[in-house]
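# Architecture at a glance
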Amino acid sequence: MSTVQGDKSEAILDAAYGIFGSKGFYETKMSDIAEEAGIAKGTIYLYFKSKEQLFVAVSKRDCNSFISRLDYALKSQENTGEKLGAIAKTHLTYYYERRNHTKLFFMAPNNDPDLMKFMKAFMNEYMSMVCEVLKSASVPEPVLLAEAYIGILDRLKMDIMLNPEFNEEDLNKRIAFAAALFLDGCRSFLQV
C-alpha cells in the first residue's frame, strides 16, 4: 500500500472513529465519514466493504492500541502492586480519553459476528495479561482474581463514561482507589 493509500485509510479510520463515537453505529452514514475524511464516499468502499467492516477496523485499531499501551506499562513496573496500578491506570485512562465518544461503546453493532469474534479475542488477551501479573505473584485462583479486577475497573469506567463533569482529579482518585482496594483486599494472596 502506498503512502497516499495509507493516509486515506488512516483518514477514513480517524473520521469513522469520531463519527461512530459521537453518533453511534446505527446513526452514522458512510457519506458523513467520507465528508469528514475529505474523500469521495465510493473511496471508502475501496478500503472497507461495509459499514460493519469499517467499525470492526476502527475497533481493532483502538483495542490493539490499548493492548500495546498496557504491555508497555506492565513492562516498566517492578512489582505486583505497581503492575496492578498500571492496569488500573491504562484501563481507566483509556475510557477517560474516550469519554466524548461513548456511543462507540454503547451503540455498536453487537450482532456483527466479526466484531464479536474480535472482541472475544481482545478480552481474552487482556484477561491473559492481567492473569499473568497475578500468576507471577503466585496467587491462588489467578483467573477469578483477574476477572474480579477487570470487573472493578469496568464498573469504575461507567462513572467516566456517563458523568459529563468527570475530571482528571476524579480519574486519578479512581485509579489509586481501584489498585489499593484490590491489593489490600487480596493482600493475603499477593506476595508484594
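Residues numbered from 1 in each chain as written. Predicted model: local features only at pLDDT ≥ 70, side-chain atom pairs only at ≥ 80, totals over all residues. Heavy atoms only, no water.

The protein chain goes by HTH-type transcriptional repressor BscR in an unreviewed UniProt entry, where it is assigned to Paenibacillus illinoisensis.

### With respect to the packing of aromatic side chains
In this structure the tally under the stated criterion is eleven aromatic pairs. Ring geometry for F25 and Y26: centres 5.0 Å apart, planes at 90°, overall edge-to-face. Since its relative accessible area comes to 2%, F25 is described here as buried. Using a relative accessible area of 52% as the deciding quantity, one classes Y26 as exposed. Over the ring of Y96 we find R99, and its NZ or CZ is 3.8 Å from the ring centre. (Phe/Tyr/Trp six-rings, centres within 6.5 Å; stacked < 30°, edge-to-face > 60°. Buried < 20%, exposed > 50% of the residue type's maximum accessible area, 1.4 Å probe, protein only. Lys NZ or Arg CZ within 6 Å of the ring centre and 35° of its normal.)

### Observations concerning the packing of helix α7 (residues 113–136) against helix α8 (residues 142–162)
Across the interface, α7 lies against α8 with an axial gap of 8 Å and an inter-helix angle of 115°. The interaxial crossing formed by α7 with α8 has right-handed handedness. Side by side, α7 and α8 meet where M123, Y126, M127, V130, C131, L134 and K135 of the first sit next to P142, V143, L145, A146, E147, Y149, I150 and L153 of the second. Residues of the contact of α7 with α8, tallied by class, amount to 13 nonpolar, no polar and two charged. (Axes fitted to C-alpha atoms, helices over the stretch in contact; angles between N-to-C directions. Helix = DSSP H or I, 4+ residues; strand = E, 2+ residues; numbered from the N terminus. Left-handed = near helix turned anticlockwise from the far one by under 90°. Contact = heavy atoms within 4.5 Å. Nonpolar A, V, L, I, M, F, W, Y, C, P; charged D, E, K, R; others polar.)

### Observations concerning the UniProt feature "DNA-binding region" (unreviewed entry) in the protein chain
UniProt records the feature "DNA-binding region" (unreviewed entry) for residues 29–48 in the present numbering. This span, residues 29–48, is 75% helix and 0% strand, and a straight line between its end C-alpha atoms measures 14 Å. (UniProt positions renumbered as here; feature names shortened; annotations may be inferred.)

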